[in-house]
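Now for the letters of each chain:
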Amino acid sequence: MAMVAAYGATVEANLLDTVTPDFWMPAAALTGVFLGLHLMIRWLAPYADPVLLPAVALLNGLGVGFLRRLDLGKATPAEREDLAIFAGIGGRQLAWTLASVVLAAGLLALMRDHRSVSRYAYTLGLAGIVLVMIPAVLPGRFSEINGAKLWIRVGGFSIQPGEFAKLALLVFFAYYLVRKREVLSLASRRFLGIDFPRGRDLGPVVGVWLISLLVLVFEKDLGTSLLYFGMFVVTLYIATERVSWLLIGLVLFFGGAFLAYFLGSTIGGPFANFYDRAQIWLNPFAEPYDRGYQLVQGLLGLGTGGLFGTGPGGGEPLEVPEVQNDFIFAGMGEEIGLFGLTALLVIYLLIVERGLRSALAVRDSFGKLLAGGLSFTLGLQVFVIVGGISKLIPLTGQTTPFLSAGGSSLMANWLLIAVLLRVSDAGRRPLTGGPARPAGSGGPPEQLHGAPTEVIRP
């Protein structure tokens, strides 16, 4: 939080040519929120991984700081010094952070054992599918923003149900694969040194592939489709240790994307949006002031930032449309440069790594698949959004976890972290009669206690 306060002071120095006496207030409010969560974790999950909360808090704090920087940039010079702490999108994000942290603490209090949620796996799976499909069946005026139908909009209120659907679906995937992994591990044919599954066992993968293809077509978003299908295939790979599932998943996904592109170029209709996005991705400078404007401005912002950036508050991120949502990485990149963005990516990598370590340490198969799937999903979401703004893949409607403005994404990702904290607490908790695990230890439980541990090798 000291770094977040320093970021806020630098923003004010560049935008106001002075540092106001209240520059520290957003960081102080966040400090109180995260300190409260830390105490709750020490009480509810004392053996939880000690790295997760500080890493996520830094990302969340910098996101609030950058959004407040956007508010200062929009305000007139006379209004900037008097901008209230809860004003604008930065103030709303601060309020959403408080709500999200309370929600995460509540989940830790209710879910004392991560295995208890498996009893509701099928209910959560059905709820996840419903949440995914609601925006697709709603009229565009209630669900569409910037070409992607990912929202439920009523009056001035909007929610992105897919953010919560991914958590519900992962619980179902983990439970289903624990029950069916022996069947799915069976091989019927060996080709090029790789064991491929029996044809009758391809049903679940084909089913999820069809759902993902429907999301791609009717919700007009490649990123969400890739996210759902990718997290299922990787969870399947963790459960079965079969590389063939990864190959089958890649073939199905890229085959579906190419089919949607081909149909969009020939018959249009519901496939036209994906074809247009692919064309913008292939050549954004063909129409730099029309369809390719957002991507071009984002690329120019990244180029302007260079290696070290223009400094917090020293750039022009407001030139990028929707910089507070999809393109926040491009807006921050202009001001903190390639080195700063790399540091943010390393923090995300650290969170994913600690989540995977929790999956390795926990003793039950359901916890392993749940924590492994959640960690991979977080990493894949970062890849999808960063890949879109850097023109590695077509643009998506995904938000950058913990940085982008919006309550749905923030609450869902804090719930994800709460589940990882609960699983890591179970994995790091000493066995009965064994010595307590040091706070910084990361070794598997069997190395400390000599007890056999069920391990699914990734």
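Preceding this section is the structure that the text describes.
Residues numbered from 1 in each chain as written. Predicted model: local features only at pLDDT ≥ 70, side-chain atom pairs only at ≥ 80, totals over all residues. Heavy atoms only, no water.

Undergrad: Just to check I follow, could you spell out the pattern of salt bridges for this structure?
TA: Oppositely charged side chains can form a pair if their charged atoms are brought close together. Applying the stated criterion across every chain, the model contains nine salt bridges. A salt bridge links Glu335 to Arg69, with the nearest nitrogen and oxygen atoms 2.8 Å apart. With Glu335 in helix H14 (residues 328–361) and Arg69 in helix H3 (residues 52–74), this residue pair connects regions lying 266 residues apart in the sequence. Using a relative accessible area of 1% as the deciding quantity, one classes Glu335 as buried. The exposure class of Arg69 is buried, given its relative accessible area of 3%. Among the salt bridges present, the one from Arg291 reaches Asp276, with a minimum N-O distance of 3.5 Å. (Salt bridge = Lys/Arg side-chain N within 4 Å of Asp/Glu carboxyl O. Helix = DSSP H or I, 4+ residues; strand = E, 2+ residues; numbered from the N terminus. Buried < 20%, exposed > 50% of the residue type's maximum accessible area, 1.4 Å probe, protein only.)

Undergrad: Any chance you could explain helix H12 (residues 272–282) here in plain terms?
TA: In an α-helix, one turn spans 3.6 residues, which is why side chains three or four residues apart end up on the same side. Within the sequence span of H12, burial applies to Asn273, Phe274, Arg277, Ala278 and Ile280. Looking straight down H12, one finds its buried side chains confined to an arc of 160 degrees; they lie on one side. (Arc of directions from axis to C-beta.)

Undergrad: Looking at this structure, I do not really get the nonpolar core. What am I missing?
TA: Soluble, globular proteins show a tendency: their nonpolar side chains are buried together. Ranked by size, the top nonpolar core spans 116 residues in total, and within it Met332, Leu344, Ile351, Phe402, Trp414 and Ile417 carry the most contacts. Element by element, the count of residues in this core is highest for H3, at 13 residues. Here Ile351 is in contact with Leu52, Ala55, Val56, Leu59, Leu378 and Ile417, once residues within four sequence places are set aside. (Core = buried A, V, L, I, M, F, W, Y, C linked by side-chain atoms within 4.5 Å. Contact = heavy atoms within 4.5 Å.)

Undergrad: Can you help me understand the packing of helix H15 (residues 365–389) against helix H16 (residues 407–428) in this one?
TA: Each pair of packed helices gets described by two things: the angle between the helix axes and the distance between those axes. Interaxial distance between H15 and H16 falls to 10 Å at its minimum, and their mutual angle equals 145 degrees. The hand of the H15/H16 crossing is left-handed. Residue-level inspection shows Gly367, Leu370, Ala371, Leu374, Ser375, Leu378 and Gln381 of H15 in contact with H16, the latter providing Asn413, Leu416, Val419, Leu420 and Val423. Here the residues of the contact of H15 with H16 sort into eight nonpolar, four polar and no charged. (Axes fitted to C-alpha atoms, helices over the stretch in contact; angles between N-to-C directions. Left-handed = near helix turned anticlockwise from the far one by under 90°. Nonpolar A, V, L, I, M, F, W, Y, C, P; charged D, E, K, R; others polar.)

Undergrad: Where do I start with unusual backbone geometry in this structure?
TA: As a rule of thumb, non-glycine residues mostly have phi less than zero, and peptide bonds are mostly trans rather than cis. A positive phi angle is found at Lys391, which is not glycine, with a value near 70 degrees. As for its position among the elements, Lys391 is in the loop between H15 and H16. Residues other than glycine seldom take positive phi values, yet Phe402 does so here, at roughly 70 degrees. Here Phe402 is to be found in the loop between H15 and H16. On the accessibility criterion, Phe402 (1% relative accessible area) is buried.

Undergrad: Sorry if this is basic, but what is going on with helix H8 (residues 161–185) here?
TA: Largest kink in H8: about 55 degrees, centred on Arg179. Along H8, 18 of the 25 residues are buried, which leaves the element largely enclosed by surrounding structure. (Bend = angle between axes of the 7 residues up to and from the residue.)

Undergrad: How should the environment of Glu163 be read in this particular structure?
TA: Note on placement: Glu163 falls in helix H8. Taking the relative accessible area as the measure of exposure, Glu163 reaches 3% and is therefore buried. Separated by 61 residues in sequence, Glu163 and Thr224 place their C-alpha atoms 9.4 Å apart. Here the side chain of Glu163 touches Thr399 through a polar contact of 3.5 Å, side chain to side chain. (Polar contact = N/O pair within 3.5 Å; in protein donor to acceptor, adjacent residues only side chain to side chain.)

Undergrad: What exactly am I supposed to notice about a nonpolar patch on the surface here?
TA: On the surface, Val243, Leu247, Leu250 and Phe254 cluster together into a nonpolar patch covering about 360 Å² of accessible area. Along the chain, the position of Phe254 falls in helix H11 (residues 243–266). (Patch = residues over 30% accessible without salt bridge, like charges linked within 9 Å, V, L, I, M, F, W, Y side chains within 5 Å. Areas by Shrake-Rupley, 256 points an atom, 1.4 Å probe, with all protein chains shown as cover.)

Undergrad: Hey, could you run me through the packing of aromatic side chains in this one?
TA: Aromatic ring pairs: the centre-centre distance and the angle between the two ring planes describe each pair. Scanning the model with the defined rule gives 11 aromatic pairs in all. Between Phe172 and Phe173, the aromatic rings sit 6.1 Å apart at their centres with planes inclined by 55 degrees, giving tilted as the arrangement. The class of Phe173 is buried, set by a relative accessible area of 7%. Relative to Phe253, the ring of Phe229 has its centre 6.4 Å away and its plane inclined at 15 degrees; by these criteria the two rings are stacked. Taken together, the positions of Phe229 in helix H10 (residues 222–240) and Phe253 in helix H11 put the pair 24 residues apart, joining distant regions of the chain. Taken individually, Phe229 and Phe253 each receive the classification buried, so the pair is uniform in this respect. A connected cluster of aromatic rings, assembled from ring pairs, spans Tyr122, Phe172, Phe173, Tyr175, Tyr176 and Phe232. (Phe/Tyr/Trp six-rings, centres within 6.5 Å; stacked < 30°, edge-to-face > 60°.)

Undergrad: Hey, could you run me through the packing of H8 against H10 in this one?
TA: The N-to-C vectors of H8 and H10 enclose an angle of 30 degrees; their axes lie 9 Å apart at closest approach. Accordingly, the angle class assigned to the pair H8 and H10 is roughly parallel. Considering the relative orientation of H8 and H10, their crossing is right-handed. On H10, the residues that touch Gly162, Ala165, Lys166, Leu169, Leu170, Phe173, Leu177, Arg181, Leu184 and Ser185 of H8 are Leu227, Tyr228, Met231, Phe232, Thr235, Leu236, Ala239 and Thr240. Taken together, the residues of the contact of H8 with H10 sort by class into 12 nonpolar, four polar and two charged. (Parallel < 35°, antiparallel > 145°, perpendicular 65-115°, else oblique.)

All we've got here are geometric facts, nothing functional implied.
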